[in-house]
Amino acid sequence: MGDDSEDADGSAGTRVSRRDVLGALSVVGTASVAGCGSLLSGGSTVEPSWEYDIEEAWAAGPPALVDGRVVVGAQDKALHAVDAGGGDRRLRVETGGWIHGRPAVPAGGGESTPIVHAHSADGDLYGVHLDDGAVWHVEGNHPDALTARAGGAVVHSPDGEEATSTDTVAYRASDGEELWRHGASAHGVERGAGRAVIEVHDPTDVERHFHAALDTTDGTVAWQTDSDNPAVVGIDDDLTVLAGSGRLRGVDTGDGRQRWRGPLDSHLGFGMGYRFGPLFGAHVYLALEALDGDNDRERVAAFDRESGDRRWSESIDGSIRAMTADDHGVYVARYEPKGDGSVIRAIALDNDGDRRWATNIGQGAADRLLVAGRTVLVNLGHAVHAVDIESGDERWRYAPDTREVRIAADHDAVYASHTHEGRVLALAL
């Protein structure tokens, strides 16, 4: 699951043991679904259109983008909101500890002035109004936690052996009122139409995990997957796709009813379940091993959204490390070991599986792949490369002298934070 997911939680007031809730999460619906240098291909270096330096901080977290503002937490124990157009500070709200995760923001707008959420290393969860500042916070118990938005709720699940509680809790985003609580930790959250689908790990058995679809308003379990057949999950509004155990299933996000199912002829690729699940564009896309089982030669497979039928499968001749999709096709970053590093190659496939272009990016490890307008952005971790979505030509690159760069983007710009420096900046598209 990705680091931009938004998520859900459980009942009010009553403490439930993790063993009890794992036993109680039964099907309500009808589904039993049960730092290297770059070897660059071209393009010019780009200079930031603005920079925002957090003078009190030597590190910043990954940025999020909402309502024309770049929101980022930092080592100065504060959450910052910066104007996306000019880089002026709009807000700084102090918290009790370093914010090193990406802030949780509402998806797709819909709020007149959004409230964003951040988990601080003091263990607490903060709700911050982008005009008025901090409006609520609840005490937590561990420096690390999953924090994600799901509709009008923010889902929070502390993670770590030292945590006094790893309950998954949903709070009303606007005022922090507890909506529901489940006594099991969430290791990932996907959001759909009125549902938060959480990946639940059994604390008594590390090999046992499953997905439970919860109503975002009251935490009712609508349906869950079979723990004996683990799967990775992708959601596109009312369609949830589950891939694993030699099969692919499409179910209704609301009640878990099966829409279609079919076989998978090989194992999922390295990225599936580790970095991303099924992706949605004109089709449903999966990364799969090569048919001969060669883990160093993966392929992209496309499946019909309505029937689940396989449309095509295309070899990538490498190990897929990042993928993204839009209505025009699917984009892949694959790597090939080369000497003491790895060479990243960006590849674009159209809706019929035909290769539109392939561009060598350089050495590094692909952290994220985004489509912003007519640009494909390849985040190598220490650098950002902008590739023309039509031709595959590299338009520009940003490779600062820092260990890590993390990004968010809209149609106008890429917004990057130097995670080992207190700096946020914009790179025009």
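A short tour of the structure in this document, coming up. Keep in mind the model is a prediction, meaning the values are calculated, not measured.

### A few points about the overall build of the protein
Looking only at helices and strands, the protein has 1 helix and 36 strands in total. In the protein, which comprises 429 residues, the share counted as buried stands at 57%. Accessible area for the protein stands at about 17100 Å²; split by element, carbon and sulfur atoms hold 42% of it.

### With respect to the pattern of salt bridges
Taken as a whole and assessed by the stated rule, the structure comprises 24 salt bridges. Residue Arg69 is joined to Asp67 by a salt bridge in which the shortest nitrogen-to-oxygen separation is 2.4 Å. Under the relative-accessibility criterion, Arg69 is labelled buried at 11%. What makes Asp67 partly exposed here is its relative accessible area of 41%. Asp255 is the salt-bridge partner of Arg257, the closest N and O atoms lying 2.5 Å from each other. Its relative accessible area of 21% is what places Asp255 among the partly exposed residues. Within the structure, one salt-bridge network assembled from shared partners comprises Glu51, Asp53, Glu421 and Arg423.

### A closer look at the side chain of His129
Structurally, the position occupied by His129 is in strand E8 (residues 125–129). The class for His129 is buried, based on a relative accessible area of 15%. One polar contact links the side chain of His129 to the main-chain amide nitrogen of Asp131, over a distance of 3.0 Å.

### With respect to the pairing of strand E24 (residues 298–303)
Buried residues dominate E24, accounting for 6 of its 6 residues. Because side chains alternate across E24, one face comprises the buried residues Glu298, Val300 and Ala302, and the other comprises Arg299, Ala301 and Phe303, equally buried. Where strand E23 (residues 284–289) lies against E24, 6 bridges are found, and the strand directions are antiparallel. Bridged to Val284 within E24 is Phe303. Bridging between E24 and strand E25 (residues 310–315) involves 5 bridges; their strand directions are antiparallel. From the neighbouring strand, Ala302 faces E25, where its bridge partner is Trp312. Once E24 ends, the chain turns through 6 residues before running back antiparallel as E25, passing Gly308 with a positive phi of about 80°.

### What about the packing of aromatic side chains?
Enumeration according to the criterion identifies 4 aromatic pairs in this entry. Pairing Trp136 with Tyr171 gives two aromatic rings, centres 6.1 Å apart and planes at 40°, and the pair type is tilted. Highlighted residues: Trp136 in strand E9 (residues 133–138) and Tyr171 in strand E12 (residues 168–172), separated in sequence by 35 residues.

### Let's talk about the sheet that holds E9
Taken in spatial order, the 3 strands of this open sheet run E7-E8-E9, and their pairing is antiparallel. Each end of this open sheet is capped by a strand with a single partner; those strands are strand E7 (115–119) and E9. Ignoring strand direction, the axes of neighbouring strands in this sheet form an average angle of 25°. Bridge count for E7 against E8 is 5 bridges, and the pairing is antiparallel. Paired with Ala118 across the two strands is Tyr126, which belongs to E8.

### Overview of the sheet that holds strand E4 (residues 69–74)
Taken together, 4 strands build an open sheet; the order of strands is E3-E4-E5-E6 and the sheet is antiparallel. This sheet does not close on itself; its edge strands, each paired only once, are strand E3 (64–66) and strand E6 (89–94). In this sheet, neighbouring strand axes are inclined to one another by 20° on average, regardless of whether the strands run parallel or antiparallel. For E4 and strand E5 (residues 78–83), the ladder comprises 6 bridges, and the chain directions are antiparallel. Bridged to Val71 within E5 is Ala81.

### Re the pairing of strand E19 (residues 239–244)
Taking burial as the measure, the 6 residues of E19 include 6 buried ones, the bulk of the element. Of the pairings in the sheet, the one linking strand E18 (residues 232–236) to E19 comprises 5 bridges and is antiparallel in character. Bridging from a neighbouring strand, Gly234 pairs with Val241 of E19. Linking E18 back to E19 in an antiparallel pair, the connection comprises 2 residues, with Asp237 at a positive phi of about 60°. Relative to strand E20 (residues 247–252), E19 runs antiparallel, the two being bridged by 6 bridges. Directly across from Ala243, in E20, lies its bridge partner Leu248. Hairpin connection of E19 to E20: 2 residues between the antiparallel strands, including Ser245 at a positive phi of 55°.

### Quick word on the environment of Arg397
As for its placement among the helices and strands, Arg397 is situated in strand E33 (residues 394–398). The class of Arg397 is buried, set by a relative accessible area of 18%. Taking the C-alpha atoms as reference points, Arg397 and Ser44, separated by 353 residues in sequence, lie 6.2 Å from one another.

### With respect to unusual backbone geometry
Within the chain, Asp67 stands out as a residue other than glycine whose phi angle is a positive 55°. Residues other than glycine seldom take positive phi values, yet Asp237 does so here, at roughly 60°. Structurally, the position occupied by Asp237 is in the loop between E18 and E19. Judged by its relative accessible area of 49%, Asp237 is partly exposed.

What counts as what
- Throughout, a residue's number is its position along its own chain's written sequence, starting from 1.
- Selection of residues for local features in this predicted model requires a pLDDT of at least 70, selection of side-chain atom pairs for listing and counting requires 80 or more, and totals for whole chains, interfaces and linings are taken over all residues.
- Side-chain numbers come from the whole structure's heavy atoms, not from hydrogens or water.
- By definition, any uninterrupted DSSP run of H or I lasting at least four residues is a helix, any uninterrupted run of E lasting at least two residues is a strand, and each is numbered from the N terminus.
- A 1.4 Å probe rolled over the protein chains alone gives each residue an accessible area, and that area as a share of the maximum for its type sets the label: buried under 20%, exposed over 50%, partly exposed in between.
- Accessible surface is estimated by sampling points in the Shrake-Rupley manner with a 1.4 Å probe; for residues, cover comes only from the protein chains shown.
- One side-chain nitrogen of Lys or Arg within 4 Å of one carboxyl oxygen of Asp or Glu is enough to make a salt bridge.
- Distance and chemistry together define a polar contact, namely a pair of N or O atoms within 3.5 Å, with one atom able to donate a hydrogen and the other to accept it when in protein, and with adjacent residues in sequence counting only for side-chain atoms on both sides.
- At least two DSSP bridges between two strands are required for those strands to pair.
- Stacked, edge-to-face and tilted are the three classes for Phe, Tyr and Trp ring pairs, Trp counted by its six-membered ring, which pair at centre distances within 6.5 Å; planes under 30 degrees apart are stacked, over 60 edge-to-face, the rest tilted.
- Interaxial angle, 0 to 180 degrees, is taken between N-to-C directions of lines fitted to C-alpha atoms, where a helix line uses only the stretch in contact.

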